[in-house]
Amino acid sequence: LKKDQDSAQPSSQILNLTGRMTFFRALTTALDRWDSVHFTDFALRNYATEQGFAFFPGLPLAARTANSLLVTPAIDLFGMSGVSPRQRVLLSSAIVSCICFSAMCYLILKILEIGNAMPNTMNGGNHTKLGIFPSSRITLLALILAPANVFLTVGYSEALFGVLSVGCMVLAVRGHTISAAILSGLACSIR
């Protein structure tokens, strides 16, 4: 009986690995669309074609870094050796975009908090707090739930540009002009 249990173990591991690979291929096939194709090519082969001049290098560099630090070690950890370099970079780009989109939403909340702490100069100089308006929260919720968010969660440069731009605004409002200028420069390398 013990021998039968031991022999069943490897087949269940093979099925588990096959299921992971099938899911991973389906996911990366869905991510390999539109401009993601170009950004992935640039991350893998640099700017080898003339089309590359339409795209800035920020996202391919971020995807390449995320691939080296996160995705490749995780894939190796799970023993998924059949994952191609292209699939790894596609997943890396999506991870970078999702992290940046989440950070951008957080920074938008920080802007709302800064607005809450600013004096109300529209009331004849009366220094009462503005408050976070319910419409501001609804606007952020609409941003999060919008169908166009597909461009903020796949291998596009919008989320990375957004987090750097909103971060620049937060730093500028708080008076950190040098840090804001650095983020602004980084944002210019994205779009």
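A short tour of the structure in this document, coming up. (Residues numbered from 1 in each chain as written. Predicted model: local features only at pLDDT ≥ 70, side-chain atom pairs only at ≥ 80, totals over all residues. Heavy atoms only, no water.)

### Description of the side chain of Ser93
Counted only if it meets this: Helix and strand definitions follow DSSP, with helices as H or I runs of at least four residues and strands as E runs of at least two, each counted in order from the N terminus. Partly exposed describes any residue whose relative accessible area lies between the buried limit of under 20% and the exposed limit of over 50%, with all areas from a 1.4 Å probe on protein chains only and scaled to the type maximum. Here a residue-residue contact requires only that any non-hydrogen atoms of the pair lie within 4.5 Å.
Locating Ser93 in the fold gives a position in helix H4 (residues 85-117). Looking at Ser93, the relative accessible area reads 2%, which means it is buried. Setting aside residues no more than four positions away along its own chain, Ser93 makes contact with Ala63, Val154 and Gly155.

### As for the pattern of salt bridges
Pairing of side chains with opposite charge becomes possible as their charged atoms draw close. Just so we agree on the cut-off: Salt-bridge detection follows one rule: a side-chain nitrogen of Lys or Arg within 4 Å of a carboxyl oxygen of Asp or Glu.
For the structure on display, the rule yields two salt bridges. For the salt bridge of Arg88 with Asp76, the shortest nitrogen-to-oxygen distance reads 3.9 Å. Here Asp76 lies in helix H3 (residues 58-77) and Arg88 lies in helix H4, a separation of 12 residues in the sequence. Residue class for Arg88 comes out buried when judged on its relative accessible area of 12%. Linking Glu158 and Arg191 is a salt bridge whose minimum nitrogen-to-oxygen distance equals 3.2 Å. Here Arg191 lies in the segment after helix H8 (177-188) and Glu158 lies in helix H7 (residues 158-173), a separation of 33 residues in the sequence.

### Some words on the nonpolar core
Convention followed: Only buried residues count toward a nonpolar core. Its members are Ala, Val, Leu, Ile, Met, Phe, Trp, Tyr and Cys residues joined through side-chain atoms within 4.5 Å.
One finds Cys100, Phe101, Met104, Leu160, Val163 and Leu164 to be the most contacted residues of the largest nonpolar core, which totals 24 residues. Listing elements by their share of this core, those giving two or more residues are helix H2 (35-45), H3, H4, H7 and H8. If one sorts the elements of this core by residue count, H7 sits on top with seven residues. Sequence-distant contacts of Met104, that is, excluding residues within four places in its chain, are made with Leu143, Leu152, Gly162, Val163 and Val166.

### Structural notes on the environment of Met169
The topology assignment puts Met169 in helix H7. Through-space distance from the C-alpha of Met169 to that of Leu107 is 9.2 Å; in sequence the pair is 62 residues apart.

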